[in-house]
Amino acid sequence: MVVPSLKLQDLIEEIRGAKTQAQEREVIQKECAHIRASFRDGDPVHRHRQLAKLLYVHMLGYPAHFGQMECLKLIASSRFTDKRVGYLGAMLLLDERHDAHLLITNSIKNDLSQGIQPVQGLALCTLSTMGSAEMCRDLAPEVEKLLLQPSPYVRKKAILTAVHMIRKVPELSSVFLPPCAQLLHERHHGILLGTITLITELCERSPAALRHFRKVQILRLLRILGRNHEESSETMNDLLAQVATNTDTSRNAGNAVLFETVLTIMDIRSAAGLRVLAVNILGRFLLNSDRNIRYVALTSLLRLVQSDHSAVQRHRPTVVECLRETDASLSRRALELSLALVNSSNVRAMMQELQAFLESCPPDLRADCASGILLAAERFAPTKRWHIDTILHVLTTAGTHVRDDAVANLTQLIGGAQELHAYSVRRLYNALAEDISQQPLVQVAAWCIGEYGDLLLAGNCEEIEPLQVDEEEVLALLEKVLQSHMSLPATRGYALTALMKLSTRLCGDNNRIRQVVSIYGSCLDVELQQRAVEYDTLFRKYDHMRAAILEKMPLVERDGPQADEEAKESKEAAQLSEAAPVPTEPQASQLLDLLDLLDGASGDVQHPPPLDPSPGGALIHLLDLPCVPPPPAPIPDLKVFEREGVQLNLSFIRPPENPALLLITVTATNFSEGDVTHFICQAAVPKAPLRLKLRLTYDHFHQSVQEIFEVNNLPVESWQ
Amino acid sequence: MPAGFPPHSTTASLPQHSDRGFPFAAAAAAAAGQAPPRPRPAAAMQFMLLFSRQGKLRLQKWYVPLSDKEKKKITRELVQTVLARKPKMCSFLEWRDLKIVYKRYASLYFCCAIEDQDNELITLEIIHRYVELLDKYFGSVCELDIIFNFEKAYFILDEFLLGGEVQETSKKNVLKAIEQADLLQEEAETPRSVLEEIGLT
């Protein structure tokens with residue numbers, strides 16, 4: 001007995017009547033059970049209705065795979081109703097991943113060759129929607145036959161089906177190329193449209209097809225024809241200009257045509273005048289109240305900005321206006337376009353706009369905007385001070401979004417602009433005092449304050465309002481950075497080193513700094529701890545070297561290796577002297593033989609501090625600074641040795657904290673062109689009177705050199 | 001080789017310009033007077049979705065082969081993205097590697113995915129034309145018409161677009177074709193012999 005099944009509309013009503021998701025599910029599962037049973041029973045009369053219901057629930061997201069075979073049965077039926085639903089089902093439920101899909105090939109073949117147009121239409125539609133490559137190969141001959149049939153209804157569908165087939169199986173181009181010429185002469189709009197699409201597709205895939213279609217003057221096709229072909233492009237110029245000027249743009253359809261014209265002009269080798277026309281059309285689009293039009297204009301202008309730069313420049317003010325768009329996809333495009341339009345003559349004005357944009361732009365555009373501004377500034381900065389100001393502004397506004405190398409770039413920039421040191425350090429100090437949360441800014445500021453703290457305290461800088469800053473304030477600020485939970489470990493490193501540097505820049509006593517340094521000696525962060533311990537040791541044991549070690553950084557070549565703001569870690573590129581560095585020997589081996597110099601006197605000789613003969617003194621392992629002689633001591637230097645360009649100098653310091661101590665530094669310099677190797681310098685100092693006995697051995701100009709000599713003429717001031 | 005979907009990332013928001021690096025690079029890469037080499041297009045239109053403001057799907061036409069799972073995923077994500085758009089925003093957005101053109105008519109969103117080189121403004125026209133056709137057929141169409149007669153909505157679409165391309169620009173012709181098919185269907189459903197009815201022939 002046949003149970004009357006629900007009509008489609010009744011099922012839909014029932015589903016929509018369900019109050020909850022669970023209820024809906026129940027209704028649907030119940031109905032699906034009925035449908036399954038009905039399929040099993042093989043009821044032909046209501047099959048189409050059952051499938052239709054299944055397709056409805058499928059759209060709601062429920063499984064419908066058990067309907068696939070029913071689609072095949074319905075398609076094979078002779079009733080039109082069945083075929084209609086069956087083919088619809090095939091398009092929705094079958095796809096080329098299922099082997100089942102091949103089973104409809106036969107039905108489609110039959111339907112294509114029988115004469116009822118709506119049926120042929122259904123078959124062609126299905127083929128062009130879900131036809132796999134195999135199906136296309138199998139059915140190409142049938143479709144080809146239909147191309148030249150009398151009925152325009154069928155032909156236009158066959159043409160577009162051919163388009164699909166070529167996309168799936170490019171080799172079929174050869175099948176569908178020949179009929180095209182004739183099809184072009186058809187009057188029927190639908191056929192022409194389809195034919196153009198077909199020709200477009202053919203030409204895109206094979207340049208050989210182009211030969212046939214030079215004379216056709218229709219927009220989309222023109223784009224392809226004109227590409228890389230002078231002659232066609234020329235013929236098109238006038239046509240395109242005409243279309244562009246005569247199109248009525250009061251409706252979107254008109255704008256669509258105009259836009260297509262622009263796209264065509266952009267793609268073919270058009271005359272310069274035509275390209276300017278295209279740019280101007282886009283410029284007008286930018287002023288259109290419809291934001292869709294503005295969107296396509298911005299996108300297209302972006303494509304043209306490199307090739308037709310000056311033409312696009314003329315629309316710069318309008319582009320900049322678009323930065324204020326509320327729609328993020330428009331403002332993003334406006335940003336990209338604006339950045340592309342920056343050049344040396346408009347950089348100041350543009351940067352102003354872009355910086356204003358940076359302050360208010362949506363967060364996901366911040367990073368791109370910041371990078372863009374920084375890059376443009378680097379390329380087009382009119383003055384160094386402007387450049388520094390710009391970077392500073394970006395760091396304060398969008399500090400967290402800048403790329404990692406921004407810090408390095410800025411410090412390098414500042415370091416290289418000696419005349420702006422005072423200005424920079426003041427501005428950075430002010431910025432830091434206001435906000436210590438933006439890490440890149442804090443890092444640069446800390447570095448600057450460390451380096452140029454003396455300039456900061458000096459008071460006057462003509463470019464900024466005078467600001468009295470006292471030492472305690474500066475130290476307090478750096479300590480605040482050091483202690484803040486917002487500071488990254490790297491930032492705290494900067495701050496600590498800056499404090500340390502200030503110990504030589506400031507005039508007051510260094511107790512406060514020493515305290516901080518010693519506290520951080522037990523910091524949990526290993527990096528900070530190490531620095532602090534080293535700095536502390538510097539205070540306690542190597543105080544005489546502190547000034548030299550913490551000297552101001554020399555100016556670095558812009559293109560040289562990145563100068564690390566941390567003097568401690570930098571390997572400097574700039575060398576102040578012409579000296580070729582002399583490789584050092586480990587110090588330990590030098591101690592023992594000294595006894596020989598002292599006329600064989602034995603006993604331990606402790607040398608505080610060890611005299612390191614390498615140029616630059618004991619500094620090589622800590623700093624790798626170039627040969628910078630220690631600040632001139634009141635005691636004059638003494639040259640004690642010279643031979644073939646190798647020179648030895650002595651310099652003397654009495655550290656202020658310990659005047660009983662005399663520190664003698666031996667500096668060996670090689671002025672010659674030959675390398676000095678295996679250099680060993682040994683010194684002995686008898687107790688009284690003050691004199692030095694020195695022994696040198698080294699290789700120079702392929703010779704072994706050994707020299708022993710005494711230095712008696714130590715300056716008077718060095719005597720106790 | 002089956003034309004397939006380009007590989008997509010998982011973010012469903014603004015254009016992936018970050019993939020092409022920095023804006024300068026993106027602009028330079030976009031064109032230099034010559035069109036860049038174009039990949040073989042899968043279809044002009046990749047798919048069309050109709051859905052309500054609550055995100056319920058009312059029609060789905062796919063012109064590219066995808067598994068059911070992929071279709072569901074795309075639908076879910078795209079519906080979310082479009083529904084999140086504010087009313088004043090433009091009708092175009094970039095999503096994964098596709099351009100999406102959408103427009104809201106009363107309680108229904110019409111959403112199309114097109115290829116990179118396609119003209120967005122024309123697609124808007126296509127959507128509008130489809131709505132006009134539905135309107136003419138149903139007489140002042142509303143969402144309920146499409147819900148209760150979803151197969152008809154598909155049939156009408158299939159007379160307007162084929163394989164993702166426009167097949168007929170004349171409204172009249174499209175509607176005439178539907179009329180004819182409807183007639184054929186009616187004839188097919190006229191009372192048959194009793195024997196047929198009970199499945200004996």
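Just so it is clear, the model here is predicted, and its values are computed rather than measured.

Let us look at the overall build of chain B. Each helix and strand in chain B was counted, giving seven helices and seven strands. Reading the helices (α) and strands (β) of chain B from amino to carboxyl end gives α-β-β-α-β-β-β-α-α-α-β-β-α-α. Across the 201 residues in chain B, those meeting the buried criterion constitute 57%. The long-range fraction of contacts in chain B, counting pairs at least 24 apart against all pairs at least 6 apart in sequence, stands at 52%. Summed over all atoms, the accessible surface of chain B reaches about 9200 Å², with 55% contributed by carbon and sulfur.

By a widely used convention, the size of an interface equals the accessible area lost when the partners come together. Taken together, the contacts link 84 residues of chain A with 84 residues of chain B. Summed over both partners, the interface of chain A with chain B comes to about 7500 Å²; 56% of that surface belongs to carbon and sulfur atoms. When residues of chain A are sorted by the area they lose upon contact with chain B, Met59(A), Arg84(A) and Arg167(A) head the list and together hold 10% of the total. At the junction of chain A with chain B, the criterion picks out five salt bridges. Seen at the junction of chain A and chain B, the total is 16 residue pairs in polar contact (both at pLDDT 80 or more). When residues in the side of chain A that touches chain B are grouped by element, the largest group, nine residues, is from helix H16 (residues 252–267) of chain A.

All names here are of chain B. The five strands lie next to each other as E2-E1-E5-E4-E3, forming an open sheet whose pairing is antiparallel. Only two strands of the sheet have a single neighbouring strand rather than two, namely strand E2 (57–62) and strand E3 (92–95). Mean inter-strand twist for the sheet, computed between neighbouring axes without regard to direction, equals 20°. Bridge count for strand E1 (residues 45–52) against strand E5 (residues 108–114) is seven bridges, and the pairing is antiparallel.

A positive phi angle is found at His702(A), which is not glycine, with a value near 60°. Mapped onto the elements, His702(A) comes out in the loop between strand E5 (692–700) and strand E6 (703–711). Judged by its relative accessible area of 86%, His702(A) is exposed. Of note in this structure, Ser140(B) is not a glycine but carries a positive phi near 55°. Mapped onto the secondary structure, Ser140(B) falls in the loop between helix H3 (120–138) and helix H4 (143–148).

Here we come to the side chain of Lys156(A). Along the polypeptide, Lys156(A) turns up in helix H9 (residues 152–168). Setting aside its immediate chain neighbours within four residues, Lys156(A) contacts His188(A), Gly190(A), Ile191(A), Gln167(B) and Glu168(B).

Strands in a sheet are paired, the pairing made by backbone hydrogen bonds, and the direction either parallel or antiparallel. All names here are of chain A. On the basis of which strands lie adjacent, the open sheet formed by three strands has the order E1-E2-E3 and antiparallel pairing. Because the sheet does not close on itself, it has two edges, and the strands there are strand E1 (638–643) and strand E3 (663–670). Each strand axis lies, on average, 15° off the axis of its neighbour in the sheet, ignoring direction.

Cut-offs applied
Residues numbered from 1 in each chain as written. Chains lettered and ligands numbered in written order. Predicted model: local features only at pLDDT ≥ 70, side-chain atom pairs only at ≥ 80, totals over all residues. Heavy atoms only, no water. Helix = DSSP H or I, 4+ residues; strand = E, 2+ residues; numbered from the N terminus. Buried < 20%, exposed > 50% of the residue type's maximum accessible area, 1.4 Å probe, protein only. Contact = heavy atoms within 4.5 Å. Areas by Shrake-Rupley, 256 points an atom, 1.4 Å probe, with all protein chains shown as cover. Buried area = accessible area lost by both parts, 1.4 Å probe. Salt bridge = Lys/Arg side-chain N within 4 Å of Asp/Glu carboxyl O. Polar contact = N/O pair within 3.5 Å; in protein donor to acceptor, adjacent residues only side chain to side chain. Pairing = 2+ DSSP bridges. Axes fitted to C-alpha atoms, helices over the stretch in contact; angles between N-to-C directions.

What is shown is where atoms sit, not what they do.
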